[in-house]
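Structural characterization, general
Each chain, written out:
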Amino acid sequence: MKIHKMKITIAFLIIELLAIGSFAQVFAQKEAIDTLRITTDFACKQSIAANQKHLYRIDLKQDEAIKASIDQLSVDVVVDIYNSNSQLLSSIDGSGKIEKIDFTARQTGTFFLELYPYEKERESGEYSFVLEQKFNAQENIRRIAKKEIPSQLLFNLWLDAQSNPNAVSDFLNKQAHRHVIESIEGNPVASRVTYFYIPSKNTEYMMQSGGPDYMGLRFSQLGNTALFFASHVVPNDAIFNYGFNEFKKYSYGAEDVFVSRTIEHVYDNSVIMPGAMIDPYAIKNPTVKKGSIREFSLYSTFLNEERKVTVLLPENYNAHRAHKLLILFDGEEYGGNLERRAAVPTSIILDNLHAAEKIEPTITLLVWHMGKRNKDLVRKTFGNFIAQELIPWTRKNYAIGTTPADICVGGSSRGGYAASFIAFNHSNSIGNVLSQSGSYWITSNEKKNHWMYPTEQGKLITAFKKSKKLPIRFYMNIGLYDAGASMLGMNREFRSILQAKGYNLTYEEFKGGHSYLNWKQTLSAGILAIFGK
């Protein structure tokens, strides 16, 4: 942009064209120069030669600030800021055409802005300098706080806390959770989520985990209050769990001869964003008739033990009609243990789906892990139990279909892996897989593959890649906030292999993590994909 004419207030302004030399040499001559200082309405346009430096001078009190811009019209310049002791405080050389200066005085004094052509280019040309605004200390502190505290609610709390010693405690007493959700002006698809907590004694720092920031968020202190906070922008359709960890530091000995550090998990909760889709089939409906629920114990020769199984029958179960069979692992979490609350209300979901006539009549078996899931869900013997003992037992006692297409195995995490693994080895009797965030990173030797940073391809992915296409139908889902390479990455890789081989596949991703909170919302989608009418 050309600047033809600019009104310049000369009072308190100095521009010195200086031969190349050190700032210390220039500063040594300052007493001999009739210096004036910059005012808030200063603006100029200058030519600068390759061997020149321009010097600007301004007086600021502690915590006062200036904002200025330098339009590099035909020359790339560098801006160095010094204090009166010749100490370099800042060097500014951005990549754009406009150099932005935002400088706060940490102590009262005289400050110098030295401009010179970029050393590598050493070219001559023109630039314009505009002092956009000067802030007094109070204005500047509030401006910095506003930038550091993106939550309007917590910014207002910080303001209140400056005059009200009970502001933080009053605020916490009104909060049901340790997070708030605030809308963002002009952003219809996301909102700001801010977490807050008062750390306990000996806490060196705090971290939040869960949600779209995979590595977590580090807490910052809210001004000089006891409250700490962290904040990020989250899509409006997200649902996820989160937690807080305190990183503690303990010193020992009179002179802190030794320091130890520990991590303490101090808080858990969940975020349900305003646009999140809550599965209506997972909500109990008092008008829907309930199916029957019974617990059994079945002896397995493969497992050499009694294994508990909970059977869910539809309300209108007909022993003379063939039903579909759904087998879910980690039965206790899916509602198999009638003495505790289910993480995933499978019986409610199935009752609602049956009542709405959305699925074929389906019998469901919830297979208890009985504390042995990590071992069972990766073993062939467990798959043999499912295919060669549990399914025949069910067929003997209940009316289920006779083809593999009538049978589905499913589960979450290792349960999703197990479902795919068992179907792969027993596709002659199992024709469907329902996988919720399947752990496809698992190898033959898990110690060789870190669950978060896998170095090898999962063994089941390799097996499907090498095998011929099998008569198996898949439903898979995975959370975008799940462990990156091992979970989201491996699920996408497995999906791509199944698609390339022509498998019947329904694949979905959701804005959530690795938790029953999300699997509760997505189980019905899997059942509908496999046994939907």
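**Some remarks on the overall build of the chain**
Each helix and strand counted, the chain has twelve helices and 25 strands in total. Here the chain has a C-alpha radius of gyration of 33 Å; the compact-globule value for 533 residues is 24 Å, and the former is much larger. Considered along the principal axes of its C-alpha atoms, the chain spans approximately 105 × 55 × 55 Å. By residue count, 49% of the 533 residues in the chain fall in the buried class. The contacts of the chain with a sequence gap of at least 6 include a subset with a gap of at least 24, amounting to 73%. Carbon and sulfur atoms make up 50% of the accessible area of the chain, which amounts to about 26,000 Å² in all.

**What to know about the packing of aromatic side chains**
Summed over the entire model, instances satisfying the criterion amount to 32 aromatic pairs. For the ring pair Phe329 and Phe382, a centre distance of 5.5 Å and an interplane angle of 65 degrees mean the geometry is edge-to-face. Of the two residues, Phe329 sits in the loop between strand 20 (324-328) and helix 5 (332-336) while Phe382 sits in helix 8 (residues 380-397), which places them 53 residues apart along the sequence. This pair shows no difference in class: Phe329 is buried, exactly as Phe382 is. Grouped by ring-pair contacts, the aromatic residues Tyr195, Tyr197, Phe219, Tyr242, Phe244 and Tyr267 constitute a single cluster. Positioned above the aromatic ring of Tyr116 is the side chain of Lys53, whose terminal nitrogen or guanidinium carbon lies 5.3 Å from the ring centre.

**Regarding the side chain of Lys248**
With respect to the helices and strands, Lys248 occurs in strand 16 (residues 239-252). For Lys248, a relative accessible area of 2% gives the class buried. At 2.5 Å, the side chain of Lys248 and the side chain of Ser200 are in polar contact. Among all residues touching Lys248, those that are not within four sequence positions of it are Ser200, Lys201, Asn202, Thr203, Glu204, Ser260, Arg261, Thr262 and Glu264.

**Regarding a nonpolar patch on the surface**
On the surface, a cluster of nonpolar side chains totalling about 360 Å² of accessible area is made up of Tyr214, Met215 and Tyr453. As for its placement among the helices and strands, Tyr453 is situated in the loop between strand 23 (432-436) and helix 10 (459-466). Accessibility expressed as a relative area gives 48% for Tyr453, which makes it partly exposed.

**Observations concerning empty space enclosed by the protein**
Counting across every chain of the model gives two cavities of 30 Å³ or more. Size it by volume and the second largest cavity reaches roughly 40 Å³. Looking at side-chain class alone, the lining of the second largest cavity contains five nonpolar, one polar and three charged residues.

**Quick notes on helix 9 (residues 414-425)**
The end-to-end C-alpha distance of helix 9, which contains twelve residues, comes to 16 Å, matching closely the 16 Å that a straight helix rising 1.5 Å per residue would cover. With ten of its twelve residues buried, helix 9 lies for the most part within the structure. Residues of helix 9 that are buried include every one of Arg414, Gly415, Gly416, Tyr417, Ala418, Ala419, Ser420, Phe421, Ile422 and Ala423, and no others.

**Here's the deal with helix 12 (residues 516-531)**
Turn by turn, an α-helix covers 3.6 residues, leaving residues three or four places apart pointing in a common direction. With 16 residues, helix 12 should reach 22 Å at 1.5 Å per residue; the first-to-last C-alpha distance of 22 Å fits that figure. Remark: the principal bend of helix 12, roughly 40 degrees, maps to Thr522. Where burial is concerned, most of helix 12 is hidden: twelve out of the 16 residues are buried. Every buried residue of helix 12 is listed here: Leu517, Asn518, Trp519, Gln521, Thr522, Leu523, Ser524, Gly526, Ile527, Ala529, Ile530 and Phe531.

**Section: the sheet that holds strand 15 (residues 228-235)**
Read across the sheet, four strands follow the order 10-11-15-14 without closing on themselves; strand pairing throughout is antiparallel. Edge positions in the sheet fall to strand 10 (179-184) and strand 14 (220-221), since each has one partner strand and no second. As paired elements, strand 10 and strand 11 (residues 187-197) share six bridges and run antiparallel to each other. The residue bridging Ile181 from the neighbouring strand is Val193, located in strand 11.

**Thoughts on the nonpolar core**
Counting 53 residues, the largest nonpolar core has Ile327, Phe329, Phe382, Ile386, Leu390, Ile430 and Phe474 as the members making the most contacts within it. Ranked by the residues each element gives to this core, the list is headed by helix 8, at seven residues. When sequence neighbours within four positions are dropped, the list of residues in contact with Ile430 reads Ile386, Ala387, Ile391, Pro404, Ile407, Val409, Ile422, Ala423 and Ile472. Formed by 24 residues, the second largest nonpolar core is a distinct cluster that contains Val77, Phe111, Leu115 and Leu131.

**Regarding the confidence of the model for the chain**
Confidence in the prediction for the chain averages 91 pLDDT; 92% of positions are at 70 or higher. For the stretch residues 1-24, pLDDT sits under 50, and the model shows 62 contacts to residues farther than four places along the chain or on other chains. Low pLDDT, under 50, characterises residues 28-36; the stretch is placed with twelve contacts to residues that sit more than four places away or in other chains.

**Comments concerning the pairing of strand 23**
Of all five residues in strand 23, five are buried; the element is thus mostly enclosed. Residue alternation in strand 23 divides its side chains into two sets, Asn432, Leu434 and Gln436 and Val433 and Ser435, and both sets are buried. As paired strands, strand 22 (residues 407-412) and strand 23 are joined by five bridges and run parallel to one another. Pairing of Ser412 across the sheet is with Gln436, part of strand 23. Regarding topology, helix 9 serves as the crossover connection from strand 22 to the parallel strand 23, and that connection is right-handed. As defined by bridge partners, strand 23 adjoins strand 24 (residues 473-479) across five bridges and the pair is classed as parallel. Along strand 24, the bridge assignment pairs Val433 with Phe474.

**Thoughts on the environment of Glu493**
Topologically, Glu493 is positioned in helix 11 (residues 484-500). Given a relative accessible area of 29%, Glu493 falls into the partly exposed group. The sequence separation of Glu493 and Leu88 amounts to 405 residues, and the corresponding C-alpha distance is 52 Å. Once you skip the residues sitting within four places of it in the chain, Glu493 turns out to touch Gln457 and Ile461.

Cut-offs and rules
Residues numbered from 1 in each chain as written. Predicted model: local features only at pLDDT ≥ 70, side-chain atom pairs only at ≥ 80, totals over all residues. Heavy atoms only, no water. Helix = DSSP H or I, 4+ residues; strand = E, 2+ residues; numbered from the N terminus. Rg over C-alpha atoms; globule rule 2.2 N^0.38 Å. Buried < 20%, exposed > 50% of the residue type's maximum accessible area, 1.4 Å probe, protein only. Contact = heavy atoms within 4.5 Å. Areas by Shrake-Rupley, 256 points an atom, 1.4 Å probe, with all protein chains shown as cover. Phe/Tyr/Trp six-rings, centres within 6.5 Å; stacked < 30°, edge-to-face > 60°. Lys NZ or Arg CZ within 6 Å of the ring centre and 35° of its normal. Polar contact = N/O pair within 3.5 Å; in protein donor to acceptor, adjacent residues only side chain to side chain. Patch = residues over 30% accessible without salt bridge, like charges linked within 9 Å, V, L, I, M, F, W, Y side chains within 5 Å. Salt bridge = Lys/Arg side-chain N within 4 Å of Asp/Glu carboxyl O. 1 Å grid on protein atoms, 1.4 Å probe; cavity = no way out; pocket = protein on both sides within 12 Å on 5 of 7 lines; lining within 4 Å. Points joined across faces, edges and corners; volume = space filled by probe spheres on them. Nonpolar A, V, L, I, M, F, W, Y, C, P; charged D, E, K, R; others polar. Expected span 1.5 Å × (residues − 1). Bend = angle between axes of the 7 residues up to and from the residue. Pairing = 2+ DSSP bridges. Core = buried A, V, L, I, M, F, W, Y, C linked by side-chain atoms within 4.5 Å. pLDDT = per-residue confidence, 0-100. Right-handed = clockwise from strand over helix to strand, strands pointing away.

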